[in-house]
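# Overview (structure and organization)
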Amino acid sequence: MEYRNLGSSGLRVSLVGLGCNNFGMRLDLEQTRAVVDRAFDLGITLFDTADMYGGRGGSETQLGKILGHRRKDIVLASKFGMAMSDDGTKIGASRRYIMSAVEDSLRRLKTDWIDLYQLHQPDPLTPLDETMQALDDLVTQGKIRYIGLSNETAWGLSKFLELSKMKGLPKMMSVQNPYNLLNRTYEVGLAEISIREQSGLLAYSPLAFGYLTGKYRNNKLPAKSRMQLFKNFNRYKNENGQKAIDEYYKISKKYNLDFTQMSLKFCEIQHFTTSVIIGATTMEQLKTNIESVSVNLNNDIINDI
């Protein structure tokens, strides 16, 4: 495994991080335990969850039951800001809600601190200053160590960074956004800010919900696959997307590369990437994904891509 600094901080995280959104939903407690144990054995130190994962709290609850003494050996990341109730009261980035949300996450995770606490989505109703002041207080209290953003725009990241400099507040060390061979929008605007300001990308959906593994080629949808379970993930199921997948697949075969590993490695080699967040429900998936770290993409492969 390779390790990189989280943004401009001294915190080191694994180049491949484990996304925990399957925990408490597609995986029960013992299945989750098996994946966590194997990921830890293979060198993953970044475990990324969110309060709303696993049916609102399920993922954090399972991790809290599983980590035990290993809690101190991992970088535990979580998120807040998406709806945790149907009545509209538990959502957003107001001071009142943040202070409540972090306590709920700490309780479910059975820990005294969260290493990376991320705003899951922009909150247009709350002033950025209010959000940052609340997060600053949590850092001072020791309940969180570092802060980050998710699903953010170049404008949003730049405004948060500007506010941090102006008022001496904690810096957004990372941005967790989608990035993969079918969705390279991060390269427009956000990539430059990430590099110049050292606010690294935590790339989620690096395999485009499984499309970049090849298992959905020719419109095949395996039983119990994410595309079968979550129809709203079919955003890449269109003519142009399928053509691009076929071309990338041909490149992987031309150079005798595993399609999954080539797709992940492309995300890993970018200068703005801190970690690539993978999801896994089987030991085989986990092993294949992690072994992408040792893959080499020479100039010919990159030029073909």
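What comes next concerns the included structure. Counting starts from 1 at the beginning of each chain's written sequence and moves along it residue by residue. In view of the model being predicted, local features appear only for residues whose pLDDT reaches at least 70, and side-chain atom pairs are presented and counted only at 80 or more, with totals across whole chains, interfaces and linings using the full set of residues. Excluding hydrogens and water, the side-chain figures rest on all heavy atoms present in the structure.

Turning to the overall build of the protein, a few remarks are in order. Only runs of H or I of at least four residues qualify as helices and only runs of E of at least two qualify as strands under DSSP, and these elements are numbered from the N terminus. On a plain count of helices and strands, the protein comes out with 11 helices and 10 strands. Taken over the C-alpha trace, the protein has a radius of gyration of 19 Å; the compact-globule value for 305 residues is 19 Å, and the two agree within 12%. Burial statistics for the protein: of 305 residues in total, 54% are counted as buried. Residue contacts are counted whenever heavy atoms from the two residues lie within 4.5 Å of one another. Counting only contacts in the protein whose residues sit at least 6 apart along the sequence, the fraction spanning at least 24 positions is 77%. Entry remark: accessible area of the protein is about 13500 Å², with carbon and sulfur atoms responsible for 49%. The atom set for the radius of gyration is the C-alpha atoms, and the globule formula is 2.2 Å times the number of residues raised to the power 0.38. Whether a residue is buried, partly exposed or exposed follows from its accessible area with a 1.4 Å probe, protein chains only, as a fraction of its type maximum: under 20%, in between, or over 50%, in that order. All accessible areas in this document rest on Shrake-Rupley with a 1.4 Å probe, and a residue is counted as covered only by the protein chains that are shown.

Direction vectors running N to C along helix H3 (residues 95-109) and helix H4 (residues 128-141) enclose 35°, while the axes themselves pass 9 Å from each other. The crossing of H3 and H4 is right-handed. Contacts from Arg95, Ile98, Met99 and Val102 in H3 reach Glu130, Thr131, Gln133, Ala134, Leu135, Asp137 and Leu138 in H4. Each residue gets one of three labels, nonpolar for Ala, Val, Leu, Ile, Met, Phe, Trp, Tyr, Cys and Pro, charged for Asp, Glu, Lys and Arg, and polar for the others, Gly among them. Of the residues assigned to the contact of H3 with H4, the class counts are 6 nonpolar, 2 polar and 3 charged. The convention used is that axes are lines fitted to C-alpha atoms, helices contributing only their stretch in contact, and that angles between N-to-C directions extend from 0 to 180 degrees. Helix crossings fall into two classes, left-handed where the near helix is turned counterclockwise from the far one by less than a right angle and right-handed where it is turned clockwise.

Let us look at the side chain of Lys265. Along the chain, Lys265 turns up in helix H9 (residues 259-268). Setting aside residues up to four positions removed in sequence, Lys265 forms contacts with Ser292, Val293, Val295 and Leu297.

It is worth spelling out the pairing of strand S6 (residues 114-119) at this point. Among the 6 residues that make up S6, 6 are buried, leaving the element largely enclosed by the rest of the structure. By the criterion used throughout, a crossover qualifies as right-handed when its path from the first strand across the helix to the second strand runs clockwise, the strands pointing away from the viewer. Handedness of the crossover joining strand S5 (residues 75-80) and S6 through H3 is recorded here as right-handed. Traced from S6 through H4 to strand S7 (residues 144-150), the parallel crossover comes out right-handed.

Attention now moves to the sheet that holds strand S9 (residues 200-204). Two strands pair if DSSP finds at least two bridges between them. The strand order around the closed barrel formed by 8 strands is S3-S4-S5-S6-S7-S8-S9-S10, and the pairing between neighbours is parallel. Ignoring which end each strand starts from, the neighbouring axes of this sheet average 30° apart. Judged from the 4 bridges that link them, S5 and S6 form a sheet pairing that is parallel. By the bridge assignment for S6, Ala77 is matched with Leu116. Taken strand by strand, H4 contacts S5, S6, S7 and strand S8 (172-178), and its axis lies near 150° from that of S7. Its contacts with the sheet put H9 on strand S3 (16-19) and strand S10 (273-278), and the angle it makes with S10 is roughly 150°.

Pairing of aromatic side chains requires ring centres within 6.5 Å, counting the rings of Phe and Tyr and the six-membered ring of Trp. Pairs whose planes differ by under 30 degrees are stacked, by over 60 edge-to-face, and all others tilted. Inspection of every chain in the model, using the stated rule, returns 6 aromatic pairs. Ring centres 5.4 Å apart and planes at 80° place the aromatic pair Tyr179 and Phe272 in the edge-to-face group. Of the two residues, Tyr179 sits in the loop between S8 and helix H6 (190-197) while Phe272 sits in the loop between H9 and S10, which places them 93 residues apart along the sequence. Its relative accessible area of 0% is what places Tyr179 among the buried residues. Members of the aromatic cluster, each reached through a chain of ring pairs, are Tyr179, Tyr186, Phe266 and Phe272.

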